[in-house]
2 protein chains.
Amino acid sequence: MKKIRLYTPGPCQVPEDVLIEMARPFEHHRTEWFRDLMKDATTKLQTVFQTRNEVLTITGSGTAACEGAILGCNPPGSKMLTIEGGKFGQRWGEIAEQYGLDVIRHPVEWGTAVDPQVVADHLAKDPAITCVMLTHSETSTATLCDLQAIGKITSAAGKLLIADCITSIGALEVRPDDWGVDVAVTGSQKSLMLPPGLSFVSVSPRAWETIEANKGQHSYYVNLNKARKSAAKNDTPYTPAHVLIRGLTVALQMLVDEGMENVWKRVGAMAAATRAAGEAIGLSVFSQRPSDSVTAFTAPDGVDTEAVRKELKARFGIQSAGGQDHLKGRIFRIGHMGYLDSLDATAAIAALEQVLHRAGHNFELGAGLAAAQKVFAERL
Amino acid sequence: MKKIRLYTPGPCQVPEDVLIEMARPFEHHRTEWFRDLMKDATTKLQTVFQTRNEVLTITGSGTAACEGAILGCNPPGSKMLTIEGGKFGQRWGEIAEQYGLDVIRHPVEWGTAVDPQVVADHLAKDPAITCVMLTHSETSTATLCDLQAIGKITSAAGKLLIADCITSIGALEVRPDDWGVDVAVTGSQKSLMLPPGLSFVSVSPRAWETIEANKGQHSYYVNLNKARKSAAKNDTPYTPAHVLIRGLTVALQMLVDEGMENVWKRVGAMAAATRAAGEAIGLSVFSQRPSDSVTAFTAPDGVDTEAVRKELKARFGIQSAGGQDHLKGRIFRIGHMGYLDSLDATAAIAALEQVLHRAGHNFELGAGLAAAQKVFAERL
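For clarity, every value in this text was computed on a predicted model and none was experimentally measured.

**Regarding helix H11 (residues 260–280) of chain B**
Residue and element names in this part refer to chain B.
1) Next: Compared with the 30 Å implied by 1.5 Å per residue over 21 residues, the 30 Å span of H11 between its first and last C-alpha is a close match.
2) Next: Structurally, H11 contributes buried residues whose contacts are with strand E11 (284–285), strand E12 (294–298), strand E15 (331–335), helix H13 (342–358) and helix H14 (367–379).
3) Next: Where H11 ends, the next residue or the one after it, Gly 282, has phi of about 95°, a positive value.

And the structure:
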């Protein structure tokens, strides 16, 4: 018997009901049928995003949505600040540079989160900055920054804040309206429990003012002004991946039924249990400010993380993620997003114990599971 | 009982096997499993495209792929010619304009195809033109241009030719290598028998020279150079809609098994039968050079095309398309792409007869079906 168990930080496990929904015969997308789906999805997206802002659906990965947001929010003559603490943060700076935007790219050591004061200092030093972009949960390093504190700073300074919330929304507490996040982006294949192919952007009224007035270069395909115009009619400017949107309505309903605070609690408990378990069996949490949506472990000397990942897959069908760029071979990552609950986290810990034990790593079998049990008993 | 019958010119009917394939548990996309799928899909795409050129897979609609192709093939200082005979042709000119490219937008009367000599004249008059873009099968008017003749002209002149083959590849004869089509684009939701969400671009060695050397503005998300680099490893630069790609391998296998010449024959017979049937019951074919992938009919005076479409859907679950822009209410369109065969075309004709008869339109019941039967008996 061979099971597939997706613990990667996206794509994540998709509920059977969602897969079945997408296998049903479908209609054309310029129909009342589709507009009803779109309306339903958008309303539920607002709940999952915890926002009253408009939420747009893009057919494309999170990168496509971020490209549209970066170009929309940064008109000619304005200056942008990007905070880059990992692979994804770097990408947003790259986009800005490629389009010739005036951008300050602030690097942050991988595995650490930016100090909000750093953002405040940049804004104080350079009043020409009109927009800040950061990655809330940096998937490549499993690190969470203090979005709420940064949002307070950018709001007070009257600056736009774009947050890549690709591995936070739907897993971790995010409150764009209360926290001053003008643009929040996520993707379908993370906590929204869908296959990849869609991304989503929420836009505040303040950001719309800038985007609407922006006479500079927009992306053609991900032009937020055009997407908004269509969205007002529960439609899209170009052919949407409507079968995914159909699945989305089912996946979002599951999140809405559970209640977002309960979702955050479930994911938070899984992450805390996994961290406690890892530490109980001799692994170290890589990040100095770990995200709850994905955990990155550094293995002790003598343990080959790539061999561990290979064994997890071969023996248990568990798919995890390795490190990216200079972290390749140094860390491995286990996700807590998607259709996973405490027993799934428990299963991953059990598998990890078995693999590390057979690899000759020295620890007490069951110690990780016991640590996890204590966390779950307390938190859930 | 209510069946859904998709005769829209995209999205098209998807085979049950493809829907079921996409509902199966899936793996992560940065795996051997996915790279094998990607390799399999790419090889089969080359067969369906009838090309030895590299074929890239983009997560996004055909518009995204065309944006990437237009920017890639038109470096700063070059001039582009777009041939615009309908809604889609216009879009390509719009993209070029939005990015500030130097573009000559040549309008063609809707429902007619460009005279290849017109392209030759433009190239002779303005040697600065380095790239021509056109729509092979203009879906909005159901019109086919003579791509082969135009490719001969552009090749002889040493110019790049980008063809939107979104509703031709996989349905109609297209031979990019023999015809001198440097870049050919199609989408998943047409003849490739998938739901929307993917698009595909074939690129000739000659076009790669230009794209590689182009230091101007590329799209970030649909940067063909980056896509090529990843494709060499059977991968994609950003998270792909890999569940759709999995379905694609099954859909393409069906086309490959049928054989492309047989596919073209099947689609051609359905189109000819539908045109003959329509004329036998008093409808007129709108286009002066009809495409075989979709048929546009003009209704006789007194027949409301929108009411006809509404009835087709209400009574028979048949989804058709109306006219776009100034053709709204003047024409209606029935597609021949996707998972449809001669009996499906026959069913659509039967339904059309029933609806027109009840609407009081005067013709001999069964005349359309008889005309279609003759075509099928001859051609299949």
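Once you've had a look at it, read on.
**Focus on the interface of chain A and chain B**
1) Next: Listed per partner, the contact involves 36 residues of chain A and 36 residues of chain B.
2) Next: Secondary structure elements with two or more residues in the side of chain A that touches chain B: helix H1 (16–22), helix H3 (62–73), helix H4 (87–98) and helix H10 (242–258) of chain A.
3) Next: When the residues that make up the side of chain A that touches chain B are grouped by side-chain class, the tally is 20 nonpolar, 14 polar and two charged.

**A word on the relation of the copies chain A and chain B**
1) Next: Rotating chain A by 180° and translating it 0.0 Å along the rotation axis places it on chain B, where the RMSD comes to 0.0 Å. A rotation of that kind, with that shift, is consistent with a two-fold axis. Rotation axis and chain A: the residue whose C-alpha lies nearest the axis is Gly 60 of chain A, separated from it by 2.5 Å.

**Let's talk about the sheet that holds strand E9 (residues 183–187) of chain B**
Residues and elements named next belong to chain B.
1) Next: The sheet built from seven strands is open, its strands ordered E2-E10-E9-E8-E5-E3-E4 with mixed pairing. With partners counted over all chains shown, the strands left at the sheet margins are strand E2 (54–59) and strand E4 (102–107), one partner each. Taking each pair of neighbouring strands and ignoring which way they run, the sheet shows an average axis angle of 20°.
2) Next: Pairing of E2 with strand E10 (residues 198–203) involves six bridges; the strand directions are antiparallel. Looking at E10, one finds that Thr 57 is bridged to Phe 200.
3) Next: Docked against the sheet, helix H2 (residues 32–49) engages E2, E9 and E10, running at close to 110° with respect to E2.

**Some points on the sheet that holds E11 of chain B**
Residues and elements named next belong to chain B.
1) Next: Here we have four strands laid out as an open sheet, ordered E11-E12-E15-E14, and antiparallel in their pairing. In this open sheet, the two strands that pair with only one neighbour each are E11 and strand E14 (321–322).
2) Next: Here E14 runs beside E15; their pairing, made up of two bridges, is antiparallel. In the sheet register, Gly 322 faces E15, and the bridge partner there is Phe 332.
3) Next: Against the sheet, helix H12 (residues 305–316) makes contact with E14 and E15, and its axis sits at roughly 35° relative to E15, the strand it touches most.

**Structural notes on the packing of H13 of chain B against H14 of chain B**
Residue and element names in this part refer to chain B.
1) Next: In the contact formed by H13 and H14, the axes pass within 9 Å of each other and the chain directions differ by 165°. Put simply, H13 runs roughly antiparallel to H14. Both H13 and H14 take part in a crossing whose hand is right-handed. Here Ser 342, Ala 345, Thr 346, Ile 349, Ala 350, Leu 352 and Glu 353 of H13 lie close against H14, whose contacting residues are Gly 368, Leu 369, Ala 372 and Phe 376.
2) Next: Classifying every residue of the contact of H13 with H14 by side-chain character gives seven nonpolar, three polar and one charged.

What counts and how
- Residues numbered from 1 in each chain as written.
- Chains lettered and ligands numbered in written order.
- Predicted model: local features only at pLDDT ≥ 70, side-chain atom pairs only at ≥ 80, totals over all residues.
- Helix = DSSP H or I, 4+ residues; strand = E, 2+ residues; numbered from the N terminus.
- Expected span 1.5 Å × (residues − 1).
- Contact = placed C-beta atoms within 7 Å.
- Nonpolar A, V, L, I, M, F, W, Y, C, P; charged D, E, K, R; others polar.
- Least-squares fit on C-alpha atoms with pLDDT ≥ 70 in both.
- Pairing = 2+ DSSP bridges.
- Axes fitted to C-alpha atoms, helices over the stretch in contact; angles between N-to-C directions.
- Parallel < 35°, antiparallel > 145°, perpendicular 65-115°, else oblique.
- Left-handed = near helix turned anticlockwise from the far one by under 90°.

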